[in-house]
Amino acid sequence: MILSKFRTEEGESSTMKKYFNFLDGFRGVLCIWIVLFHFTTRYKELYGYSFGYDFGHGGGYGVMLFFTISGFLTMFTASKIHQGAFYWLKRKFSRIYPQYALSVILIFIALSIWHLPGRNVTLTKVITDLFLFPAYFFPKIEGAHWYVITLLYFYIFFLCIARFKLHTKLWFYILCSIIFIVFYILPEILNIDNTFIKAVRILCDSCFHLGLFLGMLLYMSIYDKNKIYDILFFILLLVLAWREQSLLLSSLYLILNLLFRANDCKIVNYVLGNKLMRRLGGVSYSWYLIHQNIGYLFISNALQEWKWEGKTLVPIFAVLFTLILAFLFEALYNFLRELLVKRSCIQ
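Nothing here was measured: the structure is a model prediction, and the numbers come from that model.

How should the environment of histidine 291 be read in this particular structure?
As for its placement among the helices and strands, histidine 291 is situated in helix α14 (residues 284–305). Residue classification places histidine 291 among the buried residues on the basis of a relative accessible area of 0%. Setting aside residues up to four positions removed in sequence, histidine 291 forms contacts with Val35, His38, Phe39, Glu142, Ala144 and Thr322. Within the structure, histidine 291 has its side chain in polar contact with the backbone oxygen of tyrosine 288 (distance 2.9 Å).

As structure tokens, then:
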């Protein structure tokens with residue numbers, strides 16, 4: 001039986017802060033990794049310029065771990081669904097969509113004023129982004145935004161499975177594990193490629209990413225006494241290590257597992273739960289939303305205009321620049337939100 005104390009706390013945010021002090025700091029570290037990946041490895045892939053170093057796997061592994069955290073926390077708040085499915089879904093969307101929509105509009109304006117090679121922006125893209133058209137079929141203004149759309153689709157999908165309480169059934173996790181191994185992981189290892197497997201992968205990536213499932217499974221392995229959940233979790237980690245031919249991703253999952261289990265550890269809270277790391281994690285969503293194309297604009301400009309020899313430091317300056325913009329973006333969003341709330345209260 002899942003621990004009841006996690007179902008009786010008042011307030012989603014306060015509960016998470018109380019039990020998961022490390023979470024914001026961990027998110028902050030992941031966001032730094034993702035941003036550095038985009039400004040080095042991904043920039044080289046797109047524009048052919050190498051800074052002499054890269055942060056490989058930051059995009060794939062970092063986002064996957066973000067998904068896992070989201071899957072875990074979705075399970076954590078699943079008990080709120082009994083208060084009303086629409087209310088639960090509305091709360092989830094209200095925490096993510098408004099900031100996302102504002103970022104789409106601001107990035108559209110920025111790219112319309114300052115041209116970025118390979119990033120043609122149109123009003124059609126803005127509309128498909130705002131209406132959450134699937135990223136697989138409709139290229140996004142900001143490439144990193146596919147994460148947000150997948151997460152919002154997942155909330156709808158989760159609501160459907162929660163309606164029949166599948167998220168608490170062991171057979172559901174066994175079935176999903178088999179599906180992910182057979183159709184999602186093994187085909188990459190064995191170089192199997194056909195239309196049906198592609199369709200399954202697109203479906204999974206669109207609303208039920210492997211990272212999200214691992215988050216749900218991690219939750220059950222921690223808060224349910226049935227050890228089969230632990231076995232399933234570690235089988236998936238072994239298969240992932242086989243696919244990646246590396247222990248890095250699986251090791252990161254083991255670290256995340258330990259962090260959730262040892263949340264009261266003073267060292268963990270000191271390193272990841274201090275004010276600086278919590279603030280960094282608090283702005284990580286805003287940073288993720290606006291960093292990529294704005295950062296590419298900064299880097300492209302810097303490479304053309306800077307005359308000094310320290311161009312290898314350009315990605316670091318881009319990180320700092322986009323982080324400052326993230327704080328400003330967050331301040332703008334909070335201002336607009338408060339303004340709308342005041343107007344609605346007056347009416």
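Help me understand the packing of helix α4 (residues 85–113) against helix α5 (residues 123–130) in this model?
Two packed helices can be described by the angle between their axes and the distance between those axes. Closest axis-to-axis distance for the α4/α5 pair is 10 Å, and the angle between their directions is 175°. Our classification of the angle between α4 and α5 gives roughly antiparallel. Each of Tyr97, Tyr100, Ala101, Val104 and Phe108 in α4 lies in contact with α5, whose residues at this interface are Leu123, Val126, Asp129 and Leu130. Grouping the constituent residues of the contact of α4 with α5 by class yields eight nonpolar, no polar and one charged.

I keep staring at the packing of helix α10 (residues 228–244) against helix α11 (residues 248–261) and nothing clicks. Help me out?
Axis separation between α10 and α11 bottoms out at 8 Å; the angle between their running directions is 150°. Taken together, the axes of α10 and α11 lie roughly antiparallel to each other. Across the interface between the two elements, Asp230, Phe233, Phe234, Leu237, Leu240, Ala241 and Glu244 of α10 pack against Leu249, Ser250, Tyr253, Leu254, Asn257 and Arg261 of α11. Partitioning the contact of α10 with α11 into residue classes produces eight nonpolar, two polar and three charged.

Is there a simple way to think about the packing of aromatic side chains in this case?
How two aromatic rings sit relative to each other is given by the distance of their centres and the angle of their planes. Applying the stated criterion to the full structure yields 40 aromatic pairs. Pairing phenylalanine 154 with tyrosine 155 gives two aromatic rings, centres 6.1 Å apart and planes at 45°, and the pair type is tilted. Sitting above the plane of the phenylalanine 164 ring, arginine 163 keeps its charged end 5.7 Å from the centroid. Directly above the ring of tyrosine 184 sits arginine 201, whose terminal nitrogen or CZ lies 4.5 Å from the centroid.

Thresholds, definitions, all that
Residues numbered from 1 in each chain as written. Predicted model: local features only at pLDDT ≥ 70, side-chain atom pairs only at ≥ 80, totals over all residues. Heavy atoms only, no water. Helix = DSSP H or I, 4+ residues; strand = E, 2+ residues; numbered from the N terminus. Buried < 20%, exposed > 50% of the residue type's maximum accessible area, 1.4 Å probe, protein only. Contact = heavy atoms within 4.5 Å. Polar contact = N/O pair within 3.5 Å; in protein donor to acceptor, adjacent residues only side chain to side chain. Axes fitted to C-alpha atoms, helices over the stretch in contact; angles between N-to-C directions. Parallel < 35°, antiparallel > 145°, perpendicular 65-115°, else oblique. Nonpolar A, V, L, I, M, F, W, Y, C, P; charged D, E, K, R; others polar. Phe/Tyr/Trp six-rings, centres within 6.5 Å; stacked < 30°, edge-to-face > 60°. Lys NZ or Arg CZ within 6 Å of the ring centre and 35° of its normal.

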